[in-house]
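# Coordinate inspection notes
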Number of protein chains: 2
Amino acid sequence: MNERQIIEYITALAGPADGRLLQGIGDDCAVVDKDGRRVWLLTMDTLIENVHFDCAFHPPEQLGRKAVAVNVSDVGAMGGRPVFVLLSVGMPRGFDESWFRAFAQGLTAACREYGCFLIGGDTVASPQGLNFSLTVIGEAEASQVVYRSGARPGDTVWVSGPLGYAAAGLELLRRGLAPDATAFALFREKHLNPTARVELGCQLAESGLAHAMMDLSDGLATDLAHLCKQSGVGARLRARDLPGVAALAEAARLVGADAESWAIGGGEDYELLFTADADAHDQVQDLGRRCGLSLSPVGTVVAGEGVTLIRPGADGVIEEIAVAYQGFDHFRSRAGG
Amino acid sequence: MNERQIIEYITALAGPADGRLLQGIGDDCAVVDKDGRRVWLLTMDTLIENVHFDCAFHPPEQLGRKAVAVNVSDVGAMGGRPVFVLLSVGMPRGFDESWFRAFAQGLTAACREYGCFLIGGDTVASPQGLNFSLTVIGEAEASQVVYRSGARPGDTVWVSGPLGYAAAGLELLRRGLAPDATAFALFREKHLNPTARVELGCQLAESGLAHAMMDLSDGLATDLAHLCKQSGVGARLRARDLPGVAALAEAARLVGADAESWAIGGGEDYELLFTADADAHDQVQDLGRRCGLSLSPVGTVVAGEGVTLIRPGADGVIEEIAVAYQGFDHFRSRAGG
């Protein structure tokens, strides 16, 4: 069983819920009715040492901040504002107390910045290694929640910032290759201390501009495939429009990686992925600027299914590549150029 | 730092929340306003392999049930009914799929029985060993929620069932000493597959009989000390009234343990601990019977602080023993008999 099969298995067992549940398993958050007019958004994410973070290069204060960011990102990606946080901490006996204090300081500082409060949780002994589960509860107007399922053929596909930076940063940190050169510091920061685009998500929801939205946690290829599947549509991505690829070139050369693969397959950028009317191009750009962000149109929603990457290949031939969950598919097709 | 210090440290960092939060860290659940009339109760518990369960003797279906029970128990202990569940699953790559299926079946079956729905969560790879975090959201009338802080001097201290059975069951299972003799099977069941007293908790809340309430997860000594501290009172426990001690005698002899210590210090019974007017004795007993439970008065709330255990010692001398967090204190005093 892979992750998807695990989720499908347990979703089928769980069966249908009652009317108070507006969205169950399958979106960034579960959505439940609060008072008929507003909803609560519920999300939970776990970070495990040596799977999701490496203490050798992850400062505890930044890890605490990241634990909050990756969760509130899910709330923002549905157009909600985070309100409450529950934290379960697992630490081995004899853990480093100064490490924990810095982690807790980062976590609570991030809660304050995103406007939410730590209200409870659990502390447990772990046989080895650290693990943290957070549950974040957010709030939104029921009528403004943006689901993954609202994309329509003809929509423009947008991303809220450069792609692949977190993957590049992680690779550089693993290799001890993260000198203070400006671009490298940006990549490093993106892995260690990402910013969740909560304000953008809320404004996109309030404006009604976004038809479908989610956060980029598993990489554009996987996440856009999810969004398309939930919406019953396909998408065409333009490689030349993916933001960040040029900036990644030097780092990619240094570690023998491919910048475009980072941008398409790399996870944990925590940018927003959304679709909007093609006609709304300028409004979307303006809204992004008001949030201090440069938003990038990267493709188009089409009828059908699947995600296709379009890029100029050798000799000016245009390649069309089927992009699957977890990055590139082995299958490649070529169309004339 | 011990668990209490960790919680105090992070609570101080978190600072005060806003008016929507009626109860933060420090009770069985966090309590937040839902619609002015009703509240939501939020709790989170993590189970880690070889800390909270041992797959060598814990059948997966029962572990799935227990993961739900220990969380809904916190909701019931404040007088609420569980509504929604989030689950984060951490499993090593190459986990046993049939084990996971049985776990998921137990978990979802328990959700149905307690009237709540699995609505989301997270699945992650664990470097080794299994871990599960659950968040449970419950609901209650704001005016009926029973906190730990409501105990008053003169109240009777009640428990909803026998104490120490889970600790005995765990010890017997660890030693492979759990034959099918009736009492031993009960102890085993109490560790492997405890029942949360949700219906009792709700009826106590609705009736207004319980002044303070919590569930017994860390053992009577520790939990009653918490309840007393939150209420600003002390308590006197009568050893001869602790239910279950006599039934534990044979198991205690078999493993060289002390039955009374199990009853006072053993965790994970998931019975309810509550206080009520001394005058309400018969009403409480009747309410228990309607829930199919035999409730036991085990002591009295007194002004002051600390928990004292009163028992007949050698030669009919009455011992008064200061009971501290985590069981007996080293300090012992004797009063005349």
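A brief look at the structure comes next. (Residues numbered from 1 in each chain as written. Chains lettered and ligands numbered in written order. Predicted model: local features only at pLDDT ≥ 70, side-chain atom pairs only at ≥ 80, totals over all residues. Heavy atoms only, no water.)

A few words now on the relation of the copies chain A and chain B. Aligned on chain B, chain A shows an RMSD of 0.0 Å; the corresponding rotation is 180 degrees and the shift along the axis is 0.0 Å. Taken together, these values place the two copies in the relation of a two-fold axis. Of all interface residues in chain A, 100% are interface residues in chain B too; the two copies therefore contact each other through one and the same surface. (Least-squares fit on C-alpha atoms with pLDDT ≥ 70 in both. Contact = heavy atoms within 4.5 Å.)

As a further point, take the interface of chain A and chain B. Frequently, the measure chosen for interface size is the accessible area that the parts lose on association. Taken together, the contacts link 62 residues of chain A with 62 residues of chain B. In total, about 5,400 Å² of surface goes out of reach between chain A and chain B, with carbon and sulfur atoms giving 70% of it. Three residues stand out in chain A for area buried against chain B, namely A:M1, A:M44 and A:I119, and they jointly supply 13% of the buried area on that side. Of the charged contacts in the structure, one is a salt bridge between B:E139 and A:R20, with a shortest N-O distance of 3.7 Å. Remark: the boundary between chain A and chain B carries 17 residue pairs in polar contact (both at pLDDT 80 or more). No other element matches the nine residues that strand β5 (residues 117-125) of chain A contributes to the side of chain A that touches chain B. When the residues that make up the side of chain A that touches chain B are grouped by side-chain class, the tally is 34 nonpolar, 15 polar and 13 charged. (Buried area = accessible area lost by both parts, 1.4 Å probe. Salt bridge = Lys/Arg side-chain N within 4 Å of Asp/Glu carboxyl O. Polar contact = N/O pair within 3.5 Å; in protein donor to acceptor, adjacent residues only side chain to side chain. Helix = DSSP H or I, 4+ residues; strand = E, 2+ residues; numbered from the N terminus. Nonpolar A, V, L, I, M, F, W, Y, C, P; charged D, E, K, R; others polar.)

As a further point, take the pairing of strand β10 (residues 272-276) of chain B. Consecutive side chains along a regular strand alternate between the two faces of the sheet. Residue and element names in this part refer to chain B. Counted residue by residue, β10 has five buried out of five residues, so it is predominantly covered. On β10, burial covers both faces: L272, F274 and A276 on one face and L273 and T275 on the other are all buried. Where strand β7 (residues 156-159) and β10 come together, four bridges link them in antiparallel fashion. Across the sheet, V157 pairs through a bridge with T275, a residue of β10. Across five bridges, the pairing between strand β8 (residues 210-215) and β10 is antiparallel. Paired with M213 across the strands is F274, a residue of β10. (Buried < 20%, exposed > 50% of the residue type's maximum accessible area, 1.4 Å probe, protein only. Pairing = 2+ DSSP bridges.)

Moving on, we get to the pattern of salt bridges. Any two side chains of opposite charge can pair if their charged atoms end up close together. Under the definition given, this model contains 42 salt bridges over all chains. Note that A:D241 is salt-bridged to A:R240, the shortest N-O span being 3.9 Å. A relative accessible area of 66% places A:R240 in the exposed class. Taking the shortest distance from any N to any O, the salt bridge between B:E260 and B:R311 comes out at 2.2 Å. Taken together, the positions of B:E260 in helix α9 (residues 259-265) and B:R311 in strand β12 (residues 306-312) put the pair 51 residues apart, joining distant regions of the chain.

This next bit is on the side chain of A:D122. By secondary structure assignment, the location of A:D122 is in strand β5. Despite its burial, A:D122 remains without a salt bridge, the nearest opposite charge being carried by B:R148 at 9.8 Å. A:D122 has contacts with A:L87, A:S88, A:V89, B:M44, B:D45 and B:T46, leaving out every residue within four places of it along the chain. (Lys, Arg positive; Asp, Glu negative; His and termini not counted.)

Coordinates in, geometry out; function isn't part of it.
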